[in-house]
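Structural description and commentary
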Amino acid sequence: MKRILLIVGGGIAAYKACELIRLLRGAGHQVRCVLTDGGAQFVTPMTLAALSEQPVHTSLWDLKDEAEMGHIQLSRQADLVVVAPATADLLARMAAGIADDLATTLLLATDKPVLAAPAMNVRMWLHPATVRNVDRLRGDGVTVIEPDQGPMACGEHGPGRLPEPAAILAAIEARLGVGCQRLAGKHVLVTAGPTHEPIDPVRYIANRSSGRQGFAIAQAVADMGARVTLVAGPVALPTPPGCTRIDVETAVEMANAVAQALPADAAIMVAAVADWRTESAAGQKLKKAAMAPALALVPNPDILAMLGQSPHRPRLLVGFAAETERVVEHATAKRAAKNADWIVANDVSGDAMGGNDNRVQLVTADGVEHWPQLPKMAVAQRLAERIADAL
Ligand code: PMT
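Residues numbered from 1 in each chain as written. Predicted model: local features only at pLDDT ≥ 70, side-chain atom pairs only at ≥ 80, totals over all residues. Heavy atoms only, no water.

1. A short note on helix H6 (residues 102-109)
Of all 8 residues in H6, 7 are buried; the element is thus mostly enclosed. For H6, the full list of buried residues reads Leu102, Ala103, Thr104, Thr105, Leu106, Leu107 and Ala109. A distance of 3.4 Å separates the backbone nitrogen of alanine 103 from a side-chain oxygen at the start of H6, and that oxygen is part of aspartate 101. (Buried < 20%, exposed > 50% of the residue type's maximum accessible area, 1.4 Å probe, protein only. Helix = DSSP H or I, 4+ residues; strand = E, 2+ residues; numbered from the N terminus. Polar contact = N/O pair within 3.5 Å; in protein donor to acceptor, adjacent residues only side chain to side chain.)

Right, dumping it as structure tokens:
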């Protein structure tokens, strides 16, 4: 039994919060509700109280509530704080750290994980301000699940619908590490991010990888119960809950960290490892001169290929292939050359490297699966399901 603090925001989708409470209670969890002023325009405190069989909290200034249970306590006694529906306004106030009502005060005061299920008009969801706020929240460690696509109450069509309550329940249980633990007992090794290859003490060779796709995969497999070792190049991302993170800078350091993390049941090599490094980095900052310095480059170890040949080769070895042309053809060649089981062929001609979404194709011994363009977390969850099937 887990304790869920459910914050119901103001939107037509608030009615789905009633079904969510029913599902959460059916799964054995305790639910306490906080209803915002906007939420109260769509559902009543009485409805939520009847479904949750708990008092419903609505106001920061309700002295009776403060006497019975201070708001700090309310958010800290929960195992997870869930915001559903999370409106554009609520997400913006969360991202800005504003605490001007009970819901936002609880969200700022909590030391527990937070999961938000957004619901809003498609234009609001796609607005740069909302995109920025969601990015900021994810960077702060909040799990923001993707809204569904489809017709909306306002008559428009696109992403922005609150996911079905069953899908929110699944995301909640994954975040809590309960429910379907298909990878329990498995050790999964994930590499993520770029490597930095020094030229001198202040300059380096790098690439545009943000680490997002790899971190999302680490989170998705950890959510399914795997023990995860995440070997991360230099990125500014919070460690996904439940993962052991090893920070490295160069390809050689990454190769060593990967070798030390073995044995593993599966290895997912998402890192954009630099293919070359300078033969020797200058000990002092190179001085600007009339002639640009000639950099002698030498190949870096190919970590994926090394794992493919290792006596400790993981049972499932998955590589990524970042390509800008003839994506599947190159990925297929890499699968054979590196002795990988699967290659996730990644078209990086757009902004997949560094961006929020990814378009991939899964190349296996059975052929090529074409996946639609998806948020990186959705790619990660889909891949995690496939990994669980394979293991
Ligand atoms: O980090 P993001 O901004 O979220 O972007 C994600 C991503 C685009 C970086 C990611 O999805 C991706 O495609 N990663 C692979 C990038 C890459 O280096 O591809 P590659 O085709 O050069 O390498 C093929 C495979 O060999 C990869 O699994 C890579 O990790 C591995 N490799 C490459 C070189 C090397 N020296 N050692 C390796 O292990």
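Picking up where we left off.
2. As for the domain arrangement of the protein chain
With domains assigned, the protein chain is organised as domain 1 (3-176) and domain 2 (181-390). Between domain 1 and domain 2, the C-alpha centre-to-centre distance is 34 Å. Together domain 1 and domain 2 conceal approximately 600 Å² of surface at their shared face, both sides included; 48% is due to carbon and sulfur atoms. Ranking the residues of domain 1 by area buried against domain 2 places Glu146, Ala174 and Arg175 at the top, with a combined share of 52%. Between the two partners, domain 1 and domain 2, sit 1 salt bridge. The partner of arginine 212 in a salt bridge is aspartate 135, and the shortest N-O contact between them spans 3.7 Å. (Domains from an automatic or database assignment. Buried area = accessible area lost by both parts, 1.4 Å probe. Salt bridge = Lys/Arg side-chain N within 4 Å of Asp/Glu carboxyl O.)

3. Remarks on the layout of surface pockets
Roughly 900 Å³ of volume is contained in the second largest pocket. Surrounding the second largest pocket, 39 residues form its lining, Ala271, Ala272, Val273, Ala322 and Met353 being those nearest its centre. Contributions of two or more residues to the lining of the second largest pocket are made by helix H10 (212-223), helix H12 (303-309) and strand S17 (316-323). A breakdown of the residues in the lining of the second largest pocket according to their chemical character gives 20 nonpolar, 13 polar and 6 charged. (1 Å grid on protein atoms, 1.4 Å probe; cavity = no way out; pocket = protein on both sides within 12 Å on 5 of 7 lines; lining within 4 Å. Points joined across faces, edges and corners; volume = space filled by probe spheres on them. Nonpolar A, V, L, I, M, F, W, Y, C, P; charged D, E, K, R; others polar.)

4. A few points about the side chain of threonine 110
Of note, threonine 110 is situated in the loop between H6 and strand S5 (114-118). A distance of 3.2 Å separates a polar side-chain atom of threonine 110 from the backbone oxygen of serine 75. Setting aside residues no more than four positions away along its own chain, threonine 110 makes contact with Ser75 and Val81. (Contact = heavy atoms within 4.5 Å.)

5. Notes on the pattern of salt bridges
One pass over the full model with this rule turns up 19 salt bridges. Between aspartate 89 and arginine 93 there is a salt bridge; the shortest N-O distance is 3.1 Å. Of this pair, aspartate 89 and arginine 93 both sit in helix H5 (residues 88-96), separated by 4 residues, roughly a single helical turn. On the basis of relative accessible area, aspartate 89 is assigned to the partly exposed category, the value being 46%.

6. A closer look at H5
For H5, the complete set of buried residues consists of Ala88, Leu90, Leu91, Arg93, Met94 and Ala95. On its buried side, H5 packs onto strand S1 (3-8), strand S4 (80-86), H6, S5, helix H7 (122-126) and helix H8 (128-139). One or two residues past the end of H5 sits glycine 97, with phi positive at roughly 75°.

7. Digging into the site of the ligand
What surrounds the ligand is a group of 29 residues, the closest being Ser209, Ala271, Lys334, Asn346 and Gly354. Here an oxygen atom of the ligand and a backbone polar atom of glycine 354 are 2.6 Å apart. Protein chains shield 96% of the accessible area of the ligand, which is 770 Å² for the free molecule. Placement of the ligand is best described as lying within the second largest pocket. Looking at the shell around the ligand, the elements that each hand over two or more residues are H10, H12 and S17. Per-element accounting of the shell around the ligand gives the leading share, 4 residues, to S17. Residue composition of the shell around the ligand, grouped by class: 15 nonpolar, 8 polar and 6 charged. (Near = heavy atom within 4 Å. Areas by Shrake-Rupley, 256 points an atom, 1.4 Å probe, with all protein chains shown as cover. Sits in = over half its atoms within 2 Å of the grid points.)

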